[in-house]
Amino acid sequence: GGGGAGESSAAKLAPSLYRIHAAVVDHTDSWPFREPVDQLEVPDYYEVIKNPVDLSLIARRITSYEYYVKLEIFVADFRRMFNNCRAYNSPDTIYYKCANRLETYFEQQVLSHL
């Protein structure tokens, strides 16, 4: 503790963001989002999706204590992750359905942790 500088806003937010992130990772529908999309398995993904986001990237951004200075930035990354999934996959796919269910769960977690 001590002087005027104090903790950064990102460091103050981090414990809540970790809890929300962990809850999402533990959810049964999080499996498509835990790691980056494999370019070998999905060759055109990175041509279609210009700003890829996955849960491992979000975890690194929380851990940096610099990136998520506002809750809105954190929420925006999750929204982009879900929107990317829905942009790339058609509505009848398991991925699209996982995105919808996980997004609903994510929003409940944000409301309950803050």
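These notes cover the structure that comes with them. Everything numeric in this text was worked out from a predicted model, so none of it was measured.

1. A short note on the overall build of the chain
Logical step 1: If you tally the helices and strands in the chain, you get five helices and zero strands.
Logical step 2: The order of helices and strands in the chain, counted from the N terminus, is α-α-α-α-α.
Logical step 3: If one aligns the C-alpha atoms of the chain with their principal axes, the spans along those axes are about 55 × 30 × 20 Å.
Logical step 4: Here the chain holds 114 residues, and 39% of them are scored as buried.
Logical step 5: Once local pairs closer than 6 in sequence are excluded, the contacts in the chain between residues at least 24 apart make up 65%.
Logical step 6: Computed over 12 positive and 15 negative side-chain charges, the separation of the two mean positions in the chain equals 5 Å.

2. Description of the pattern of salt bridges
Logical step 1: Using the criterion set out here, one finds four salt bridges in the structure.
Logical step 2: For Asp 77, the salt bridge is made with Arg 61, and the minimal N-O distance between the two is 2.7 Å. In this pair, Asp 77 sits in helix H4 (residues 71-88) while Arg 61 sits in helix H3 (residues 55-63), placing the two residues 16 residues apart along the sequence. Of the two residues, Asp 77 and Arg 61, both sit in the buried class.
Logical step 3: Arg 86 is the salt-bridge partner of Glu 103, the closest N and O atoms lying 2.9 Å from each other. Within this pair, whereas Glu 103 is found in helix H5 (residues 94-113), its partner Arg 86 is found in helix H4, the two being separated by 17 residues in sequence. The burial state of Glu 103 is the same as that of Arg 86; both residues are buried.

3. Observations concerning H3
Logical step 1: If you check which residues of H3 are buried, you get Leu 55, Ser 56, Leu 57, Ile 58, Arg 61 and Ile 62.
Logical step 2: Trailing H3 by a residue or two, Tyr 65 shows a phi angle of about 55°, which is positive.

4. Focus: the packing of H3 against H4
Logical step 1: Running from N to C, H3 and H4 cross one another at 170°; their axes reach a closest spacing of 11 Å. The angle between the axes of H3 and H4 places the two elements in the roughly antiparallel class. Facing Leu 55, Ile 58, Arg 61 and Ile 62 of H3, the residues of H4 in contact are Phe 74, Asp 77, Phe 78 and Met 81.
Logical step 2: A breakdown of the residues in the contact of H3 with H4 according to their chemical character gives six nonpolar, no polar and two charged.

5. Structural notes on the side chain of Asp 77
Logical step 1: On the accessibility criterion, Asp 77 (5% relative accessible area) is buried.
Logical step 2: Filtering out sequence-adjacent residues up to four positions away, Asp 77 remains in contact with Val 53, Ile 58, Arg 61, Tyr 67 and Tyr 68.

6. Brief notes about a nonpolar patch on the surface
Logical step 1: Residues Trp 31, Ile 94 and Tyr 95 make up a contiguous nonpolar surface patch of roughly 290 Å² in combined accessible area.
Logical step 2: As for its position among the elements, Ile 94 is in helix H5.
Logical step 3: For Ile 94, a relative accessible area of 42% translates into the label partly exposed.

About the cut-offs
- Residues numbered from 1 in each chain as written.
- Predicted model: local features only at pLDDT ≥ 70, side-chain atom pairs only at ≥ 80, totals over all residues.
- Heavy atoms only, no water.
- Helix = DSSP H or I, 4+ residues; strand = E, 2+ residues; numbered from the N terminus.
- Buried < 20%, exposed > 50% of the residue type's maximum accessible area, 1.4 Å probe, protein only.
- Contact = heavy atoms within 4.5 Å.
- Lys, Arg positive; Asp, Glu negative; His and termini not counted.
- Charge placed at Lys NZ, Arg CZ, Asp CG, Glu CD.
- Salt bridge = Lys/Arg side-chain N within 4 Å of Asp/Glu carboxyl O.
- Axes fitted to C-alpha atoms, helices over the stretch in contact; angles between N-to-C directions.
- Parallel < 35°, antiparallel > 145°, perpendicular 65-115°, else oblique.
- Nonpolar A, V, L, I, M, F, W, Y, C, P; charged D, E, K, R; others polar.
- Patch = residues over 30% accessible without salt bridge, like charges linked within 9 Å, V, L, I, M, F, W, Y side chains within 5 Å.
- Areas by Shrake-Rupley, 256 points an atom, 1.4 Å probe, with all protein chains shown as cover.

Nothing here speaks to function; it is all geometry.
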